[in-house]
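# Secondary and tertiary structure notes
Now for the letters of each chain:
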Amino acid sequence: MKLKRLISNLVTIIMFFILILILFAVISSKVSGGEPSIFGYQIKTVLSGSMEPGIKTGSIIVVKPGGDMKRFKKGDIITYKTGDDVIVTHRVTKVLKDGNEVSYQTKGDNNKTVDMTPVPSNMVVAEYTGLTIPYLGYLADYTKTKMGSALLLILPGILLVLYSGISIWKTLSQLEKKISKSSDGDNIEKPI
């Protein structure tokens with residue numbers, strides 16, 4: 001019984017913190033007009049299969065922006081902007097140095113050839129951390145719509161209210177059982 005109560009309390013606390021993190025990420029991204037960011041890490045949605053099988057289409061990945069963008073070496077996975085501001089995450093196949101200028105030859109793991117244009121270090125926006133959550137990107141893209149944003153804010157609240165209601169109902173049921181057990185002994189009539 002105590003284990004169930006402990007697990008129930010733990011689930012409630014975890015759901016509360018997840019709700020707070022989601023609200024923080026959504027509000028901060030809406031206010032800044034940028035990508036969701038939590039503790040300095042950004043969440044990106046993968047829209048193509050160029051990095052499969054390691055990073056599947058529709059996944060979300062966590063990247064770390066900032067730092068010296070000339071630090072990457074062969075094998076690192078970087079996130080960069082193309083000339084038309086498209087965000088791409090590919091693996092560095094070669095580091096190209098020309099004096100103080102550094103650029104990277106990149107390739108998607110699932111592509112047969114390297115990318116045509118080397119990526120200048122000033123176009124690199126982040127480093128891939130290795131954290132991927134498959135298929136959650138489809139949900140993330142949906143949350144960028146008006147209906148999706150509303151659901152993202154409302155659904156966790158509804159789930160918490162439902163969970164609270166169930167917890168209250170179970171507690172009241174247990175109290176009624178205890179009361180009925182204790183009152184059953186008091187209401188017995190004794191013959192004279």
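Residues numbered from 1 in each chain as written. Predicted model: local features only at pLDDT ≥ 70, side-chain atom pairs only at ≥ 80, totals over all residues. Heavy atoms only, no water.

## Side note on the confidence of the model for the protein
The criterion, for reference: A score between 0 and 100, pLDDT records how confident the predictor is in each residue. Elements are defined by DSSP. Helices are runs of H or I of four residues or more, strands are runs of E of two residues or more, and each kind is numbered from the N terminus.
Summary statistics for the protein give a mean pLDDT of 81 and a share of 84% for residues scoring 70 or more. In the model of the protein, strand E1 (residues 37-38) stands out as the element of lowest mean pLDDT, 67, in contrast to strand E6 (residues 101-107), which has the highest, 93.

## As for the pattern of salt bridges
Using the following cut-off: Counted as salt bridges are all cases of a side-chain nitrogen of Lys or Arg within 4 Å of a carboxyl oxygen of Asp or Glu. For each residue, the accessible area found with a 1.4 Å probe, counting protein chains only, is set against the maximum for its type, and the residue is called buried under 20%, exposed over 50%, and partly exposed in between.
Going through the model one piece at a time under the given rule, you end up with three salt bridges. Measuring nitrogen to oxygen at the nearest pair gives 3.8 Å for the salt bridge that ties Asp 76 to Lys 73. Residue Asp 76 is classed as buried on the basis of its relative accessible area of 15%. For Lys 73, a relative accessible area of 53% gives the class exposed. A salt bridge links Arg 91 to Asp 109, with the shortest nitrogen-to-oxygen separation between them at 2.8 Å. Of the two residues, Arg 91 is situated in strand E5 (residues 87-98) and Asp 109 in the loop between E6 and strand E7 (119-120); the sequence distance between them amounts to 18 residues.

## Thoughts on a nonpolar patch on the surface
As a reminder of what qualifies: Residues with no salt bridge and a relative accessible area higher than 30% make up the patches, which join like charges within 9 Å and nonpolar side chains (Val, Leu, Ile, Met, Phe, Trp, Tyr) within 5 Å. Surface accessibility in these figures is a Shrake-Rupley result with a 1.4 Å probe; residues are shielded only by whichever protein chains are displayed.
A cluster of nonpolar residues, Leu 131, Ile 133, Leu 136, Leu 139, Tyr 142, Met 147 and Leu 151, forms a patch on the protein surface that exposes about 620 Å² of accessible area. Within the residue set of the nonpolar patch, elements represented by two or more residues are strand E8 (124-133), helix H2 (136-142) and helix H3 (146-186). According to the relative accessible area criterion, Leu 139 is partly exposed, its value standing at 48%.

## Section: the nonpolar core
Which entries qualify depends on this criterion: To define a nonpolar core, start from buried Ala, Val, Leu, Ile, Met, Phe, Trp, Tyr and Cys residues and group those joined through side-chain atoms within 4.5 Å. Note on contacts: a residue pair is in contact if any heavy atoms of the two residues lie within 4.5 Å.
Membership of the largest hydrophobic core is limited to 10 residues, which are Met 69, Phe 72, Ile 78, Tyr 80, Val 88, Val 92, Val 102, Tyr 104, Val 119 and Val 124. Taken together, the elements giving at least two residues each to this core come down to strand E4 (77-81), E5 and E6. Discounting chain neighbours no more than four positions away, the residues touching Val 102 are Lys 70, Val 95, Leu 96, Lys 97, Val 119, Pro 120 and Ser 121. Counting residues in each nonpolar core, the second largest holds eight residues, with Met 51, Ile 55, Ile 61 and Val 63 among its members.

## A closer look at the pairing of E8
Counted only if it meets this: Should DSSP find at least two bridges between two strands, the strands are regarded as paired.
Inspection of the sheet shows strand E3 (residues 60-65) paired to E8 by five bridges, in the antiparallel sense. Paired with Ile 60 across the strands is Ile 133, a residue of E8. As paired elements, E4 and E8 share three bridges and run antiparallel to each other. From the neighbouring strand, Tyr 80 faces E8, where its bridge partner is Val 124.

## Comments concerning the environment of Met 69
Along the chain, Met 69 turns up in the loop between E3 and E4. Residue Met 69 is classed as buried on the basis of its relative accessible area of 13%. Each C-alpha atom, one on Met 69 and one on Pro 120, is 9.2 Å from the other, the two residues being 51 residues apart in sequence. For Met 69, the residues in contact, after removing those within four places along its chain, are Tyr 104, Ser 121, Val 124, Val 125 and Ala 126.

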